[in-house]
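Take a look at the letters that make up each chain.
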2 protein chains.
Amino acid sequence: MSAQLDLEAERTLSDRASSRLTQAIVTGELAQGQKLSEADLATRFGISRGPLREAIRQLEGMRLVTRIPHAGARVVTLDRPMLADLYRVREALEGMACRMAAQAMSQEEIDTLFMLLDQHEEAINAADGLAYFQSEGDFDFHFQIALGSRNQMLIDLLAGELYQLLRMCRYRTSHLAKRTRPALQQHRQIAEAIAERDGDLAELLMRRHISGAWKSISQIMENNP
Amino acid sequence: MSAQLDLEAERTLSDRASSRLTQAIVTGELAQGQKLSEADLATRFGISRGPLREAIRQLEGMRLVTRIPHAGARVVTLDRPMLADLYRVREALEGMACRMAAQAMSQEEIDTLFMLLDQHEEAINAADGLAYFQSEGDFDFHFQIALGSRNQMLIDLLAGELYQLLRMCRYRTSHLAKRTRPALQQHRQIAEAIAERDGDLAELLMRRHISGAWKSISQIMENNP
DNA sequence: TTGCTCCATATTGTTGACAATCAGTCCGAC
DNA sequence: GTCGGACTGATTGTCAACAATATGGAGCAA
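Everything numeric here is computed off the predicted structure, so don't read it as measured data.

A. Local environment of the interface of chain B and chain A. The interface of chain B with chain A comprises 35 residues on the first partner and 35 residues on the second. Both sides together, the interface formed by chain B and chain A hides about 3100 Å², and carbon and sulfur atoms give 55% of it. It is Glu-54, Arg-57 and Met-153 of chain B in chain B that bury the most area against chain A; as a group they hold 22% of the surface buried on that side. At the surface where chain B touches chain A, the tally comes to 13 salt bridges. Its salt-bridge partner being Arg-57 of chain B, residue Glu-54 of chain A comes within 3.1 Å of it at the nearest N-O pair. Across the contact surface, chain B and chain A share 17 residue pairs in polar contact (both at pLDDT 80 or more).

See the structure below:
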């Protein structure tokens, strides 16, 4: 399901280490700002430092770690300014993805989109508290639209970089965010704009959706350091 | 001036190799689609394969090379679909950068922006044929706006990834592109929208500017395989 | 006590050798 | 004549040792 869960399926030790590190960072197993000791991680993964260093270089490209020469790598810290930046970039990219998806998505993909929405609604009704599952449903929706854009660079940027950072953020604040109902409603509006092939509207709605999400999260973070 | 020209100033061999590789790829010294032999490059740079491999991992993150496990890395090929993707992403990101710049840029930065435009116009009048210099002026303008957004992630994405790919593209088609006059005019409009703090208009104009540039380049590429 | 210098230690950066994998070729069988 | 399979060569992936650099603390002077 999730592209990161097929661990151990990669070909090289570097790639496997990269996946495991990503997982560990996103889930919070490695805390934000924590130092990444090459020797420690290498022994933990049962590999040498060579492949591990390559993995760290890759994670640096994904913006999951920051590296300082001769001083080591640290897990990125998602402070407020950084998240503000992230949500602005996301607004731009997903807005564009939505516009393109409205033009390029097949009817089957649009059907899948509505199916996802129904599943998501059921999940909300059934277990009102499981915020984690809601989040994954949310990602499925946004990811499906990214795929619908048919723009590989856009897909890579969103799925490969931004969504990892967002998931990392949700693992910290998921229990706080309680705006699943309005979010679902906005998702429906977006899906309908896409179904009507209205790219302008689809982009507008997606941007408003993400902008609103940031306002909500930003407010929550004000009260929770 | 250009952030890539302070070669040999990096701290580690990996970083230096990364810069040199970027330079070589952007300037076409390494042709598109060309295979990157680790042993060859390592001896050419006078370093070992370890740091070189890390550099390649980093370039992979910048989308300048594509790597296939056990088969090596190749310079990315900027074919038509890829460039179409790139210009769409650029439209989204620079549109957002422009919107934010209209709100966040200081008066001094805006003055600098107009100064760049004057310099650019002079350069065009003086040497009407030097397309290369024009391109660099173009980048200076767009880069200044990216900086003005105050969004570090946006700046990194544009300056660190997209602009490298664009420069790589220009090194191939610069002698063909002859729309510097209208481009300069559009730049002026954008700068004025920013000066008037009209974020909506600034974003609209920037998106139109980039979208137009793609149409022009796309047409040129149709006649030149 | 405070601040600086110097040294010991741990960590990162780099290297060359070794192992694993892939691509192309040659040979033989059908 | 053509297809299949094993061999050879080259290339990539991995490792463990070595060199270079930064961190942290002890000792000393103001």
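B. Broad picture of the UniProt feature "domain: HTH gntR-type" (unreviewed entry) in chain A. Within the UniProt annotation, "domain: HTH gntR-type" (unreviewed entry) is assigned to residues 11–78 of chain A. Along residues 11–78 of chain A one finds 51% helix and 15% strand; the C-alpha atoms at either end are 31 Å apart.

C. Structural view of the environment of Ile-47 of chain A. Residues and elements named next belong to chain A. Structurally, Ile-47 can be placed in the loop between helix H2 (38–45) and helix H3 (49–61). Ile-47 sits in the buried class, given a relative accessible area of 16%. Along the primary structure Ile-47 and Ser-211 are separated by 164 residues, whereas in three dimensions their C-alpha atoms are 43 Å apart. Here Ile-47 is in contact with Leu-13, Ala-17, Ala-42 and Leu-52, once residues within four sequence places are set aside.

D. Quick look at the relation of the copies chain B and chain A. Note on the identical chains: chain B maps onto chain A by a rotation of 180° and an axial translation of 0.0 Å, with an RMSD of 0.0 Å. Each copy turns onto its partner about a two-fold axis.

E. Looking closely at the sheet that holds strand E1 (residues 35–36) of chain B. All names here are of chain B. One open sheet holds the 3 strands; their spatial order is E1-E3-E2, and the pairing between them is antiparallel. A single partner strand is all that each edge strand has here, and the edge strands are E1 and strand E2 (65–68). Sheet topology note: the E2/strand E3 (residues 72–75) ladder contains 4 bridges and is antiparallel. Bridge pairing in E3 links Val-65 to Val-75.

F. Expanded view of the pairing of E3 of chain B. Residue and element names in this part refer to chain B. Residues Ala-73 and Val-75 of E3 are buried on one face, while the alternating residues Gly-72 and Arg-74, pointing to the opposite face, are not. Strand direction decides the pairing type here: E1 and E3, joined by 2 bridges, are antiparallel. When the bridges of E3 are listed, Lys-35 appears paired with Arg-74. In this antiparallel pair of consecutive strands, E2 and E3, the connection spans 3 residues, and His-70 shows a positive phi of 65°.

G. Up close: the nonpolar core. If you look at the biggest cluster of nonpolar residues, it comprises 130 residues, and the most contacted ones within it are Leu-93, Ile-145 and Ile-194 of chain A together with Leu-93, Ile-145, Leu-165 and Ile-194 of chain B. Residues contacting Ile-145 of chain A, with those up to four places away along its chain left out, are Ala-97, Cys-98, Ala-101, Met-105, Leu-113, Ile-190, Ile-194 and Met-206 of chain A.

H. The packing of helix H1 (residues 13–26) of chain B against helix H2 (residues 38–45) of chain B, seen in detail. Residue and element names in this part refer to chain B. Orientation of H1 relative to H2, taken along the N-to-C sense of each, is 105°, at an axis distance of 11 Å. By the criterion of interaxial angle, the relationship of H1 to H2 is roughly perpendicular. Across from Ala-17, Arg-20 and Leu-21 in H1, the residues of H2 making contact are Leu-41, Arg-44 and Phe-45. A breakdown of the residues in the contact of H1 with H2 according to their chemical character gives 4 nonpolar, no polar and 2 charged.

I. Inspection of the protein's contact with DNA strand C at higher detail. Near DNA strand C you find 19 residues, and of these Arg-11, Arg-49 and Arg-53 of chain A together with Leu-13 and Ser-48 of chain B are the closest. Across the atoms of DNA strand C situated within 4 Å of the protein, the share located in sugar and phosphate is 73%. Note that a base nitrogen of DNA strand C is positioned 2.6 Å from one of the side-chain N or O atoms of Arg-49 of chain A. Leu-13 of chain B places a polar main-chain atom, nitrogen or oxygen, 2.4 Å from a phosphate oxygen of DNA strand C. Those elements that place two or more of their residues in the surface near DNA strand C are strand E1 (35–36) and H3 of chain A together with H1 and helix H3 (49–61) of chain B. Residue composition of the surface near DNA strand C, grouped by class: 5 nonpolar, 8 polar and 6 charged.

J. Focus on the domain arrangement of chain A. Residues and elements named next belong to chain A. Annotation of chain A at the domain level lists domain 1 (2–75) and domain 2 (80–223). Contacts between the two partners involve 12 residues from domain 1 and, on the opposite side, 8 residues from domain 2. Interface area, domain 1 with domain 2, both sides summed: about 1000 Å², of which 56% is carbon and sulfur. Three residues stand out in domain 1 for area buried against domain 2, namely Val-26, Gln-32 and Arg-63, and they jointly supply 47% of the buried area on that side. With a shortest N-O distance of 2.8 Å, Glu-161 and Arg-63 are connected by a salt bridge.

Conventions used here
- Residues numbered from 1 in each chain as written.
- Chains lettered and ligands numbered in written order.
- Predicted model: local features only at pLDDT ≥ 70, side-chain atom pairs only at ≥ 80, totals over all residues.
- Heavy atoms only, no water.
- Contact = heavy atoms within 4.5 Å.
- Buried area = accessible area lost by both parts, 1.4 Å probe.
- Salt bridge = Lys/Arg side-chain N within 4 Å of Asp/Glu carboxyl O.
- Polar contact = N/O pair within 3.5 Å; in protein donor to acceptor, adjacent residues only side chain to side chain.
- UniProt positions renumbered as here; feature names shortened; annotations may be inferred.
- Helix = DSSP H or I, 4+ residues; strand = E, 2+ residues; numbered from the N terminus.
- Buried < 20%, exposed > 50% of the residue type's maximum accessible area, 1.4 Å probe, protein only.
- Least-squares fit on C-alpha atoms with pLDDT ≥ 70 in both.
- Pairing = 2+ DSSP bridges.
- Core = buried A, V, L, I, M, F, W, Y, C linked by side-chain atoms within 4.5 Å.
- Axes fitted to C-alpha atoms, helices over the stretch in contact; angles between N-to-C directions.
- Parallel < 35°, antiparallel > 145°, perpendicular 65-115°, else oblique.
- Nonpolar A, V, L, I, M, F, W, Y, C, P; charged D, E, K, R; others polar.
- Near = heavy atom within 4 Å.
- Domains from an automatic or database assignment.

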